[in-house]
Amino acid sequence: MKSSNLKLALRIALVHLLSKKKQTLVAMLGVTFGISMFIVMISFMTGVNDFLMDLTLDGSPHIHINNPVKTERAPLAAAAYDTSQTRIILHHQKPKQELPRIKNGFQILREIRQHPDVSFASPQLTSQVFFNNGAIRFSGMVVGIDVKQENAMYKLHEKMISGTVEKLLSNRNGILVGEKLSKKMNIVPGDRVSLTTANGDVFMMKVVGIFAFGITTIDDVRCYVDLQTAQKLLGKSADYFTDLNIKLKDYRKASTLAPILKARYGFKTEDWEQSNASILTGEMVRNTMTYVVAITMLIVAGFGIYNIMNMTVVNKMRDIAILKATGYEGTDIILIFLLQSIIIGIIGALMGVLTGILISYGINQIPFPTSDVIKIETFPVAFKMKHYLLAIFFGFLTTLLAGYFPSRKASKIDPVAIIRG
Amino acid sequence: MNAIEARNITKFFHEPTTFQVLKQISFTVEKGHFVSLVGKSGCGKSTLLYVLSTMDTDYEGELLFENHLITGKNQDELSKFRNEHLGFVFQFHFLLPEFTVLENVMLPALKLKRFSHKEIEHRAIEKLQLVGMDNFAFNTASKLSGGQQQRVAIARALINDPSIIMGDEPTGNLDKTNSFIVLDILKKLAADNKQTIITVTHDQEFAAQTDHIIEMEDGLIIRQ
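Basis of the calculations
Residues numbered from 1 in each chain as written. Chains lettered and ligands numbered in written order. Predicted model: local features only at pLDDT ≥ 70, side-chain atom pairs only at ≥ 80, totals over all residues. Heavy atoms only, no water. Domains from an automatic or database assignment. Contact = heavy atoms within 4.5 Å. Salt bridge = Lys/Arg side-chain N within 4 Å of Asp/Glu carboxyl O. Helix = DSSP H or I, 4+ residues; strand = E, 2+ residues; numbered from the N terminus. Buried < 20%, exposed > 50% of the residue type's maximum accessible area, 1.4 Å probe, protein only. Core = buried A, V, L, I, M, F, W, Y, C linked by side-chain atoms within 4.5 Å. Lys, Arg positive; Asp, Glu negative; His and termini not counted. Pairing = 2+ DSSP bridges. Axes fitted to C-alpha atoms, helices over the stretch in contact; angles between N-to-C directions.

1. Comments concerning the domain arrangement of chain A
Residue and element names in this part refer to chain A.
(1) Moving on: When cut into domains, chain A gives domain 1 (3-58 + 279-420) and domain 2 (63-69 + 98-271).
(2) Moving on: One C-alpha centre belongs to domain 1, the other to domain 2; they are set 52 Å apart.
(3) Moving on: Across the contact, eight residues belong to domain 1 and 12 residues belong to domain 2.
(4) Moving on: For the interface between domain 1 and domain 2, the tally reads zero salt bridges.

Structure, rendered in structure tokens:
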């Protein structure tokens, strides 16, 4: 197609569009509406998904290594008999007396920290405890942490409602208490709490801070103490810890790195995708719904253009016949009408992107009803170039298709039939 | 030289029933002649004109233009051929209503691209002067009277200097005064520019002014 043909077709297309401004505007608004809703829905849904993902990833490690108590192991008798000849049946096997510790933990920790994909690795010592509140006992989970590493990993200081994380370092009996638990026990920073360990030892701890993750199962039971304090509480040596949490530079690499670590060190590893499978499924379902609804809107807008272009072609039959009689070819006619719908599509799409961004910006300003569980100020919205380009692309594609069929019909009009009347 | 030659042109209509409109029609038209096709309604004269115009390709027989075979060319080649060699004037003026008079005249030339845009505009004004419509060049086509529109349509038919101009009842919709203006213009074109003119007409007075009359009846030429 020569460029001068295109210019000529464009001139005719523009005259056609401008001669019926109202119809052109209605067609454009159809595209604008479709595209803007497409953008609003996708931005909002992505915002929600990203928020939930952040919430999940903030509170949990990308890879978690621990050494759970194993209840199944080869019975002793297996050593004495040839197991291919003899069947050994053993009921209600008891676990071996074995600590759930990570052996050579600090050596492993040093190695993992040197891995190029790892941004943080932090040891934890977790243990069940009871808090004594007068006559009542509340169960809790004490987590001994490397304060600096843990703070860097989970941004603990951002989760603090009162008190500070650093006080754990200066106060050997300091403890950070989850928000829900603190409310149940009616304590504030500065108060003392008494806790009983699983072995029955009783300690007095000083509350130095209250934190909230916004996840009830965490805020209701978890408490943080310094790793050394935890080792003291449980009467363990200075190299004893039970869990190893890893944050990666790119969280998507977790599922490939976890099996490698498992193979190398022999401990149980779990990546965040395994521990949050339900959230991932939810995200997939939401994404699918969003795209289905958004694309349906574009298709509806496409049908609008199709109708208007069909009407235009019917109205312009005489013109088409004249153009063909005076030497315009089928491709020229297709070009004239296709250009009209492309112009409608491009202007409609650009207006749609603008409107979409404005509406989603508006949504982003609406305050979110505050709750204890979810810490968020306004409705979450993601502003991503990718979505805008996608919307323009789909908008363009729909108008191209919607314009093509009427244009082809126009190019097939028999001029003799029209001119003879 | 033969401007156009028809050899055994036969055509059927199939709707509503099969019916032979043109029966083995053969004739030639000399270059620079002004020919009128006459006959009663339904004799096939308009059908013959549209076969000659190359727009209707559903016929048997052969059509030659300056001794070159036209029959069998594809639609795009025929479009190019019409653009360059044929000019049309129809009974119902058929201008593009949203465009100005000047743009209407220029459109076939913009497609042909023999000249630059500026030259085409200059030539279009010349053609409008020829038909006495140059004062209306920048008016919108839909605002003109029937006679004025027909004169613009003639200017449009002339813009690419075609060797043949065809008219389907070009004065059929016009009053006496306008009919004479149109007839005069066409006669002058044949005489001065050696352009061949073929028109279908009902108008006996109009036909009497032309060089040749081809009379048809029931799909046959009965006199020429």
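2. Structural notes on unusual backbone geometry
Residue and element names in this part refer to chain B.
(1) Moving on: Look at Glu66: it is not a glycine, yet its phi comes out positive at around 45 degrees.
(2) Moving on: Tracing the backbone through its elements, the reader meets Glu66 in the loop between strand 4 (60-65) and strand 5 (68-69).
(3) Moving on: When its relative accessible area of 22% is taken as the criterion, Glu66 is described as partly exposed.
(4) Moving on: Positive phi is not limited to glycine here, since Asp218 has a value of about 50 degrees.
(5) Moving on: Within the element layout of this structure, Asp218 appears in the loop between strand 9 (212-217) and strand 10 (220-223).
(6) Moving on: Overall, Asp218 belongs to the exposed group, its relative accessible area being 53%.

3. Some remarks on the nonpolar core
(1) Moving on: With 112 residues, the main nonpolar core has Phe90(B), Leu128(B), Met166(B) and Ile198(B) as its most contacted residues.
(2) Moving on: When residues in this core are grouped by element, the largest group, nine residues, is from helix 15 (residues 330-365) of chain A.
(3) Moving on: Contacts of Ile198(B), omitting those with residues within four sequence positions, involve Ile4(B), Val29(B), Val35(B), Leu37(B), Leu49(B), Leu52(B), Ile164(B), Ile165(B), Met166(B) and Gly167(B).
(4) Moving on: Core analysis: the next-biggest nonpolar cluster, separate from the first, contains 43 residues, Leu181(A), Ile210(A), Leu244(A) and Ala254(A) among them.

4. Looking at the side chain of Asp319(A)
(1) Moving on: Mapped onto the fold, Asp319(A) is located in helix 14 (residues 317-325).
(2) Moving on: Put simply, Asp319(A) is tucked away with no salt bridge, and the nearest opposite charge, on Lys316(A), sits 4.4 Å away.
(3) Moving on: When residues no more than four places from it in sequence are discounted, the contact partners of Asp319(A) are His16(A), Leu96(B), Pro97(B) and Glu98(B).

5. A few points about the sheet that holds strand 6 (residues 86-89) of chain B
All names here are of chain B.
(1) Moving on: Taken in spatial order, the six strands make up an open sheet running 6-7-8-3-9-10, and their pairing is mixed. Strands at the two margins of the open sheet, each flanked by one partner only, are strand 6 and strand 10. Direction aside, neighbouring strands of the sheet carry axes that sit 25 degrees apart on average.
(2) Moving on: Relative to strand 8 (residues 196-200), strand 7 (residues 164-168) runs parallel, the two being bridged by five bridges. Across the sheet, residue Ile165 finds its bridge partner in strand 8, namely Ile197.
(3) Moving on: Taken strand by strand, helix 5 (residues 146-158) contacts strand 6 and strand 7, and its axis lies near 170 degrees from that of strand 6.

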